[in-house]
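What the coordinates show
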Amino acid sequence: MLLTKQTFELHKATRSNLLNYLENLSPEKLAKIPNNFRNNVFWNIAHCIVTQQLLCYKLSGITPLVSDDFINTYRKGTAPDGHIPSEEEIKNLKELLLSTQEQLQKDYKKGIFKEFNTYMTSYGFELNSVEDAINFNNTHESMHLGSVIALNYFL
């Protein structure tokens, strides 16, 4: 199954919505964890980037476009460390939000995803191809956009 342009446009729209929060919230608000929440806006956005890299690149046997350090800080099962992000960290996250979206689309069109290691998500959905991973990633990032919207309500 080949993906349509619309799949990538949806991903771009979700990333654009996430970028809006990075651009309009103060570093303190990006780092704040409201009562009854386990993470913050900054973590949710960074987690989206990491998950996309793991699902699409790592499961395809391709080195992710972000560092192992970044992955280990924001992967599933991690939590914010309490620090307020610097302007440089925020700028870097904005750049990654855009560049990883664009690069995934370019890499898919170039056909670099040749193999894929089947993976059962915690959502209960099995990924059997990079197309499954890209489609599921859209669902995953939309869930985290919902979390960001909820977090923002309590900031």
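Note that this is a predicted model, so its numbers are computed, not measured. (Residues numbered from 1 in each chain as written. Predicted model: local features only at pLDDT ≥ 70, side-chain atom pairs only at ≥ 80, totals over all residues. Heavy atoms only, no water.)

**Regarding the overall build of the protein**
Within the protein, the secondary structure is distributed over six helices and two strands. What you see in the protein, going N to C, is helices and strands ordered as α-α-α-α-α-β-β-α. The globule rule puts the C-alpha radius of gyration for 155 residues at 15 Å, and the 15 Å found for the protein is close to it. With the C-alpha coordinates aligned to their principal axes, the bounding extent of the protein is approximately 40 × 25 × 25 Å. Summarising the internal contacts of the protein: among those between residues at least 6 apart in sequence, 74% fall at separations of at least 24. About 8500 Å² of surface is accessible on the protein, with carbon and sulfur atoms providing 49% of the total. Treating the 15 positive side-chain charges of the protein as one cloud and the 17 negative ones as another, the clouds have centres 3 Å apart. (Helix = DSSP H or I, 4+ residues; strand = E, 2+ residues; numbered from the N terminus. Rg over C-alpha atoms; globule rule 2.2 N^0.38 Å. Contact = heavy atoms within 4.5 Å. Areas by Shrake-Rupley, 256 points an atom, 1.4 Å probe, with all protein chains shown as cover. Lys, Arg positive; Asp, Glu negative; His and termini not counted. Charge placed at Lys NZ, Arg CZ, Asp CG, Glu CD.)

**What about the pattern of salt bridges?**
Within this structure, the stated rule accounts for three salt bridges. With its nearest N and O atoms 2.8 Å apart, the salt bridge here joins Glu 141 to Arg 15. Residue Glu 141 is located in helix H6 (residues 130-153), and its partner Arg 15 is located in helix H1 (residues 5-24); the two are separated by 126 residues in the primary sequence. For Glu 141, a relative accessible area of 0% translates into the label buried. Across the salt bridge formed by Lys 110 and Asp 107, the nearest N and O atoms sit 3.7 Å from each other. Placement of the pair is Lys 110 and Asp 107 together in helix H5 (residues 87-110), with a separation of three residues, close to one helical turn. (Salt bridge = Lys/Arg side-chain N within 4 Å of Asp/Glu carboxyl O. Buried < 20%, exposed > 50% of the residue type's maximum accessible area, 1.4 Å probe, protein only.)

**Some thoughts on the packing of H1 against H6**
Between H1 and H6, the shortest axis-to-axis distance is 10 Å and the interhelical angle comes to 25°. Between H1 and H6, the interaxial angle falls into the category roughly parallel. Note that H1 runs across H6; the crossing there is left-handed. The segment H1 lies against H6, with Thr 7, Phe 8, Leu 10, His 11, Thr 14, Arg 15, Asn 17, Leu 18 and Tyr 21 engaging Ile 134, Asn 135, Asn 137, Asn 138, Glu 141, Ser 142, Leu 145, Val 148, Ile 149 and Asn 152. Of the residues contributing to the contact of H1 with H6, the split by class is eight nonpolar, nine polar and two charged. (Axes fitted to C-alpha atoms, helices over the stretch in contact; angles between N-to-C directions. Parallel < 35°, antiparallel > 145°, perpendicular 65-115°, else oblique. Left-handed = near helix turned anticlockwise from the far one by under 90°. Nonpolar A, V, L, I, M, F, W, Y, C, P; charged D, E, K, R; others polar.)

**Remarks on the nonpolar core**
Counting residues in hydrophobic clusters, the biggest one holds 26 residues, and the most contacted among them are Leu 22, Val 41, Ile 45, Phe 70 and Leu 93. At the level of elements, H1, helix H3 (41-57), helix H4 (68-74), H5 and H6 are the ones that each hand at least two residues to this core. Ranked by the residues each element gives to this core, the list is headed by H3, at nine residues. Apart from the residues within four sequence positions on either side, Phe 70 is in contact with Ala 46, Ile 49, Val 50, Leu 93 and Leu 96. (Core = buried A, V, L, I, M, F, W, Y, C linked by side-chain atoms within 4.5 Å.)

**Some details on the side chain of Thr 7**
Position of Thr 7 among the secondary structure elements: in helix H1. Ignoring sequence-local partners within four residues, the contact set of Thr 7 consists of Ile 134, Asn 135 and Asn 138.

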